[in-house]
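# Inside the fold
This is what each chain is made of:
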Amino acid sequence: MAMRRIFPLKLPVEALLVGGLFLLTGFLGVGYGARIWLPPLASRHGAGIDAMLTYLLVAVGALFLVGHVALGVLIWRAARQPRITHRLATRKTEWVLSAALGLLMALVAEGGVLAIGIPVWSEYFGAVPPRHALLVEVTAQQFVWNVRYPGDDGVFGRTDARLIDDASNPIGTDRDDPAAADDVVLQNEIAVPVGQPVTVRLRSKDVIHSFFLPHLRVKQDAVPGMTPEIVFVPTRKGTFEIACAELCGLAHYRMQGFLHVLSEDEFRLWLQEHSSGS
Ligand SMILES: [Cu+2]
């Protein structure tokens, strides 16, 4: 009779150990993850990305938990029986139940992400960048971020790969082009005014890099031959790291720059100071 008891009061040692190990791993994992969570937010669209990540974690975490508790209970109950005596449901019910649960999970996880994410996507890859957006061109190379502002005329000068000289002309600016005269070219430093839209146009000279601003929830691949543009609005002043999120070569780890988010006046002054030097 004892074999037929579904939940015996006395737990086997193995069950306690395995169960305890799983619980401990779960708690330690969540505790550690919570401590190294995302850096403090500094952009407008980033709030949507954070909401999406939080939703995904909670929704999928809850589904995972419910699924595993159900699985554990079923295994526990079945293990108490000496042999399989009957099916719990008909084959048709199993199919329907499996399909319905699968659909429900997809709907909860993906539906929520799409509902929160689509507005963020359209803001981030904004179909038409706002007219007053500051345009900055970033050309990635092993292992530097080349930054260019178009200057007062708002037009970038022509570039030509044949004119590239890593020391004196890193992006191959054609100095015969009048539009190039006021371009400001810098390395690893970008400044932008706070609260205003910024368009970053990405290029790459060699391999695939990934322009990553963790605090601003900005990450976009820079692919040779393509010029993707992203739009974001910095929401607070400060200096934030620019990292490369694509393993792009042996010195990938030191491909680091800084984004300075300044007030409007500070930004104008900064750009003026750096124009004279370029
Ligand atoms: Cu890189």
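Structure shown above.
So, here is what we can say about the structure in this document. (Residues numbered from 1 in each chain as written. Predicted model: local features only at pLDDT ≥ 70, side-chain atom pairs only at ≥ 80, totals over all residues. Heavy atoms only, no water.)

### Observations concerning the pattern of salt bridges
- Under the definition given, this model contains 11 salt bridges.
- For Asp183, the salt bridge is made with Arg148, and the minimal N-O distance between the two is 2.9 Å. Residue Asp183 is found in the loop between β2 (144–149) and β3 (184–187), and its partner Arg148 is found in strand β2; the two are separated by 35 residues along the sequence. In terms of burial, Asp183 and Arg148 fall into one category: buried.
- One salt bridge in this structure joins Asp166 and Lys205, with 2.9 Å as the shortest N-O distance. Here Lys205 lies in the loop between β5 (198–204) and β6 (209–213) and Asp166 lies in the loop between β2 and β3, a separation of 39 residues in the sequence.
- Beyond isolated ion pairs, a larger network of salt bridges with shared partners links Glu137, Arg148, Asp183 and Arg203. (Salt bridge = Lys/Arg side-chain N within 4 Å of Asp/Glu carboxyl O. Helix = DSSP H or I, 4+ residues; strand = E, 2+ residues; numbered from the N terminus. Buried < 20%, exposed > 50% of the residue type's maximum accessible area, 1.4 Å probe, protein only.)

### Some words on the sheet that holds β2
- Spatial strand order, β3-β2-β1-β5-β8: five strands in an open sheet with mixed pairing. Two strands close off the open sheet at either side, each with one partner strand: β3 and β8 (229–232). Averaged over all pairs of adjacent strands, the angle between their axes in this sheet comes to 25°, without regard to strand direction. (Pairing = 2+ DSSP bridges. Axes fitted to C-alpha atoms, helices over the stretch in contact; angles between N-to-C directions.)

### Some details on the pairing of β3
- Side chains Val184 and Leu186 of β3 all project onto a buried face; the interleaved residues Val185 and Gln187 project onto a face where none is buried.
- Bridging between β2 and β3 involves four bridges; their strand directions are antiparallel. Residue pairing for β3: Val147 is matched across the bridge by Leu186.

### Let's talk about the sheet that holds β6
- On the basis of which strands lie adjacent, the open sheet formed by five strands has the order β4-β10-β9-β6-β7 and mixed pairing. Single-partner strands in this sheet number two, and they are β4 (189–193) and β7 (218–222). Strand-to-strand twist of the sheet, defined as the mean angle between neighbouring strand axes without regard to direction, takes the value 20°.
- Here β4 pairs with strand β10 (residues 256–262) via five bridges, running parallel. Following the sheet pairing, Pro193 is matched in β10 by Leu262.

### Points about the packing of helix α2 (residues 46–79) against helix α3 (residues 91–124)
- At a closest axis distance of 9 Å, the pairing of α2 and α3 adopts a crossing angle of 175°. One element, α2, and the other, α3, form an angle in the roughly antiparallel class. Listed contacts from α3 to Gly48, Ile49, Ala51, Met52, Tyr55, Leu56, Ala59, Val60 and Leu63 of α2 are Met105, Val108, Ala109, Gly112, Val113, Ile116, Gly117 and Val120.
- In terms of residue class, the contact of α2 with α3 is made up of 14 nonpolar, three polar and no charged. (Parallel < 35°, antiparallel > 145°, perpendicular 65-115°, else oblique. Contact = heavy atoms within 4.5 Å. Nonpolar A, V, L, I, M, F, W, Y, C, P; charged D, E, K, R; others polar.)

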